[in-house]
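Structure at a glance
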Number of protein chains: 2
Amino acid sequence: MERKPTLDDIAHLAGVGKGTASRVINGGTHVRKETREKVMKVINDLGYRPSSAARRLSRRVPLRSVGVLESVLTAPAFVDRLRGIQDVIESKEKFELTLYSCTSPERLKQKLDHIADMHTVEALIVVDLDVSEDQRARLASAGVTLVSISNAAGSGPQVGIDDERGGYVATRYLLELGHKRIAYLGDVFPDPFGFKTSRNRYRGYVQALEDAGLSIGQEYVQLGKHGKAEAQAMCATLLSLPDRPTAIFAMTDIQALGCLEAAREAKVNVPQDLSIIGFDDIEASSHVGLTTVTQHLSESGRVATQYVLGVLEGRRTGDPPSLPDVEVVVRRTTCPPREEGQ
Amino acid sequence: MERKPTLDDIAHLAGVGKGTASRVINGGTHVRKETREKVMKVINDLGYRPSSAARRLSRRVPLRSVGVLESVLTAPAFVDRLRGIQDVIESKEKFELTLYSCTSPERLKQKLDHIADMHTVEALIVVDLDVSEDQRARLASAGVTLVSISNAAGSGPQVGIDDERGGYVATRYLLELGHKRIAYLGDVFPDPFGFKTSRNRYRGYVQALEDAGLSIGQEYVQLGKHGKAEAQAMCATLLSLPDRPTAIFAMTDIQALGCLEAAREAKVNVPQDLSIIGFDDIEASSHVGLTTVTQHLSESGRVATQYVLGVLEGRRTGDPPSLPDVEVVVRRTTCPPREEGQ
DNA sequence: TTGAAAGCGCTACCAG
DNA sequence: CTGGTAGCGCTTTCAA
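Residues take numbers from 1 onward in each chain, read along the sequence in its written order. Naming scheme: in the order in which they are written, chains are lettered from A and ligands are numbered from 1. The predicted nature of this model means local features are confined to residues of pLDDT at least 70 and side-chain atom pairs, given and counted, to a pLDDT of 80 or more, with totals for whole chains, interfaces and linings taken over all residues. Each side-chain value is derived from all of the structure's non-hydrogen atoms; neither hydrogens nor water enter the calculation.

1. Points about the nonpolar core
Generally speaking, a soluble globular protein has its nonpolar side chains buried in company with each other. Applied cut-off: Among buried residues, those of type Ala, Val, Leu, Ile, Met, Phe, Trp, Tyr and Cys that are joined through side-chain atoms within 4.5 Å constitute a nonpolar core. In this scheme, a residue with accessible area under 20% of its type's maximum is buried, one over 50% is exposed, and one in between is partly exposed, where area comes from a 1.4 Å probe on protein chains only. Contacts between residues were defined by any pair of non-hydrogen atoms, one from each residue, lying within 4.5 Å.
Ile125(A), Tyr205(A), Ile125(B) and Tyr205(B) are the most contacted members of the largest nonpolar core, which has 144 residues in total. Apart from the residues within four sequence positions on either side, Ile125(B) is in contact with Val66(B), Gly67(B), Val68(B), Leu69(B), Ile85(B), Val147(B), Ile149(B), Ala304(B), Thr305(B) and Val308(B).

Right under this line is the structure:
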């Protein structure tokens with residue numbers, strides 16, 4: 001066997017016309033039982049599968065799809081964004097949703113090339129991934145409308161929040177509660193994908209501290225690989241400090257969850273003896289009662305999707321609307337520090 | 001404007017040949033700048049978008065996609081399954097992943113028809129949704145290979161676990177811990193999608209109790225609408241019982257999370273004064289330390305996907321392999337009951 | 001009931 | 001650099 005069999009092959013081998021073969025495939029009405037079976041046999045023998053492209057073209061049912069490309073590294077936050085994307089896609093009937101994922105930065109370029117070549121999607125929503133100028137041009141010439149959901153500075157249409165401001169807001173909240181010894185726990189920067197999330201949230205943290213006239217000891221800054229377990233370990237370090245922090249600002253909710261775990265193990269009461277604030281407001285946070293900074297995850301998916309759809313449908317040109325401001329969601333992992341702590 | 005413009009339209013209006021117009025669209029190499037701009041203008045004026053079907057057909061790049069249809073109602077568990085599906089799709093290069101979702105049982109038929117008509121996917125993984133015989137036939141004749149991920153009894157290839165056994169295992173675990181007053185909290189059955197999950201898990205619960213020679217008072221059985229808040233309310237009812245249960249078996253982790261919340265509000269210590277076991281083992285459960293019964297969510301996605309891919313590629317015929325047995329994942333919401341409790 | 005033939009919209013090759 | 005032309009694989013009249 002040399003190439004994929006086509007309807008012609010089937011028809012010839014079964015000794016019938018193309019038209020008949022086609023009828024057999026589509027419901028088999030108006031075909032003599034005998035004939036049908038003959039054709040069916042050939043189909044099965046060859047493992048024939050009709051070409052959806054040809055089918056579509058002939059039937060005049062166009063495929064309209066928007067793609068979503070995610071980095072598996074930011075998984076938990078992605079889920080919430082996807083929900084927003086899905087919401088608006090589903091409401092449009094005409095569009096399908098194609099999901100791509102990218103496991104490592106090296107494979108990003110490859111993946112984008114693939115997407116451009118496949119011509120499956122008319123638009124692509126890139127989540128938390130950095131697309132180079134070259135790649136943008138490549139996609140554009142393939143007719144793919146692009147929008148990114150990301151907080152990193154980038155060119156092209158983008159929806160996201162200001163991480164530095166987010167870091168500032170989180171830290172200031174802790175400050176207002178009366179905390180003075182506030183630690184920062186985040187990814188080591190720059191991270192493998194070249195993202196500056198951690199650095200930016202850290203900057204906001206530093207700024208807030210400075211504005212409050214406080215200086216931070218470097219032992220209060222824990223930077224490491226992203227992950228719950230890693231965060232747990234870093235938090236344990238923080239808790240073993242002679243003059244340990246009364247509050248921790250974790251760069252993401254996942255890391256904050258790790259901190260919670262560490263506190264539990266160290267028998268440190270949260271929030272009485274240790275306040276913890278996260279960032280993102282992923283779904284799990286509401287379950288554990290984590291105080292965090294919301295960056296309007298599902299809203300970001302919704303906005304980005306509405307934007308690309310708008311572009312595809314010809315209305316709309318400028319930039320996507322911006323997201324609501326970042327905001328502290330107070331739950332039960334934060335409170336004022338104990339008096340004794342001076 | 002009567003119908004979608006085609007390349008021919010563009011070419012005519014721009015006063016150039018089809019070939020040239022095509023070149024402009026695909027990178028625009030070997031085209032005089034002037035010509036290109038002329039063509040571009042027409043394209044923009046008409047809001048022209050190339051037909052991906054035609055493009056594909058001509059370029060001979062076939063679209064191979066497997067679809068996933070989910071019911072938004074079972075969302076949290078779905079996320080984990082999706083991860084498994086995604087894993088194996090990504091490893092295959094050749095296939096894309098198309099996501100469909102279905103918001104209400106009434107729309108299921110409609111959605112399936114849509115999927116059959118679109119001819120986008122060669123295979124469909126239906127998650128926690130019940131597909132009728134008619135629909136199966138319809139999909140089959142559209143050439144769509146089907147597999148369901150579900151615990152409900154159904155025809156056709158299916159991957160899932162035995163809910164009744166799951167309920168039995170969960171309850172027996174509580175029994176072995178020494179509990180005697182064990183409540184069941186689940187969805188009212190039958191539920192809107194016609195699922196029997198709650199009923200089956202409940203049966204396992206009853207059976208385990210019987211096997212232990214215990215009878216259950218009906219006040220220990222709380223059935224209601226699915227959801228965390230609803231479960232929280234039902235749990236509150238349970239906690240206000242004169243002779244309240246020492247343990248609760250919640251039909252899903254989401255409901256167990258609601259119970260946790262209720263216990264916290266009622267100042268009941270978990271697990272010392274109340275053991276809680278859930279079902280599913282969604283990601284959030286690991287974060288809160290919920291004891292639960294795992295049904296191998298991501299594994300189910302993986303198995304189902306490998307199965308359909310196997311069928312599509314011609315190897316493999318029978319049924320999908322079965323999942324590992326259900327299993328209690330012990331975390332920190334369960335322990336033996338207090339002595340005083342008789 | 002069946003075969004032949006005419007497209008579907010686009011790309012790619014080939015002269016010019 | 002550009003216009004014509006031949007398909008890509010399938011569905012769908014239209015006669016037979």
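2. Thoughts on the interface of chain B and chain A
Stated formally: Note on terms: buried area is the combined drop in 1.4 Å-probe accessible area of two parts once they are placed together, counting the loss on both. Salt bridge criterion: a side-chain nitrogen from Lys or Arg within 4 Å of a carboxyl oxygen from Asp or Glu. Identification of polar contacts relies on pairs of N or O atoms within 3.5 Å, with a donor-acceptor requirement for protein atoms, meaning one able to donate a hydrogen and the other able to accept it, and with residues adjacent in sequence counted only if both atoms are side-chain atoms. Only DSSP runs of H or I with at least four residues qualify as helices, and only runs of E with at least two residues qualify as strands; both kinds are numbered from the N terminus onward. Only strands joined by at least two bridges in the DSSP assignment are considered to pair.
Counting residues at the interface gives 54 residues for chain B and 53 residues for chain A. Among the residues chain B hides against chain A, the three largest losses belong to Arg49(B), His119(B) and His287(B). Together they make up 14% of the total. Inspection of the chain B/chain A interface yields 6 salt bridges. The partner of Arg332(B) in a salt bridge is Glu261(A), and the shortest N-O contact between them spans 3.1 Å. Our count for the contact surface shared by chain B and chain A stands at 31 residue pairs in polar contact (both at pLDDT 80 or more). Looking at the side of chain B that touches chain A, the elements that each hand over two or more residues are helix 4 (52-59), helix 5 (75-90), strand 2 (96-102), helix 6 (105-118), helix 11 (253-265) and helix 12 (283-288) of chain B. Among the elements that take part in the side of chain B that touches chain A, helix 4 of chain B stands out by supplying 7 residues, more than any other. Note that strand 2 (residues 96-102) of chain A and strand 2 of chain B share 3 bridges and pair antiparallel. Each residue of the ladder has a partner; that of Thr98(A), found in strand 2 of chain B, is Thr98(B).

3. Description of the sheet that holds strand 6 (residues 182-187) of chain B
All names here are of chain B. Stated precisely, the cut-off is as follows: Under this scheme, a helix contributes an axis fitted over its contacting stretch, all axes are lines through C-alpha atoms, and angles between N-to-C directions fall in the 0 to 180 degree range.
Spatially, the 4 strands line up as an open sheet ordered 7-6-8-9, and their pairing is parallel. Every interior strand has two partners, whereas the edge strands, strand 7 (221-224) and strand 9 (275-277), have only one. Each strand of the sheet is rotated relative to its neighbour by a mean of 15 degrees, with strand direction disregarded. Taken together, the 4 bridges between strand 6 and strand 8 (residues 247-250) define a ladder with parallel strand orientation.

4. Some remarks on the protein's contact with DNA strand D
Condition: The nearness test applies per residue and asks whether one of its heavy atoms lies within 4 Å of the molecule or strand.
Around DNA strand D sit 27 residues in total, of which Leu7(A), Tyr48(A), Ser58(A), Thr20(B) and Thr35(B) are the nearest. Atoms of DNA strand D within 4 Å of the protein belong to the sugar or the phosphate in 59% of instances, the rest to bases. In the environment of DNA strand D, a phosphate oxygen lies 2.3 Å from a nitrogen or oxygen atom belonging to the side chain of Tyr48(A). Residue Arg55(A) places a side-chain N or O atom 3.3 Å away from a phosphate oxygen belonging to DNA strand D.

5. Description of the packing of aromatic side chains
All names here are of chain A. Worth spelling out the cut-off: Only Phe, Tyr and Trp rings are paired, with Trp represented by its six-membered ring, and only when their centres lie within 6.5 Å; those with planes under 30 degrees apart are stacked, over 60 edge-to-face, the remainder tilted. Any Lys NZ or Arg CZ found within 6 Å of a ring centre and within 35 degrees of that ring's normal is scored as a charge over the ring.
In this structure the tally under the stated criterion is 12 aromatic pairs over all chains. Ring geometry for Tyr184 against Tyr205: centres 5.4 Å apart, planes inclined by 40 degrees, an arrangement best described as tilted. You can see Tyr184 sitting in strand 6 (residues 182-187) and its partner Tyr205 sitting in helix 9 (residues 197-211), a full 21 residues away along the chain. Residue classification places Tyr184 among the buried residues on the basis of a relative accessible area of 0%. Tyr205 gets classed as buried once you look at its relative accessible area, which sits at 0%. In this structure, Arg201 packs its charged tip against the face of Phe279, placed 3.7 Å from the ring centre.

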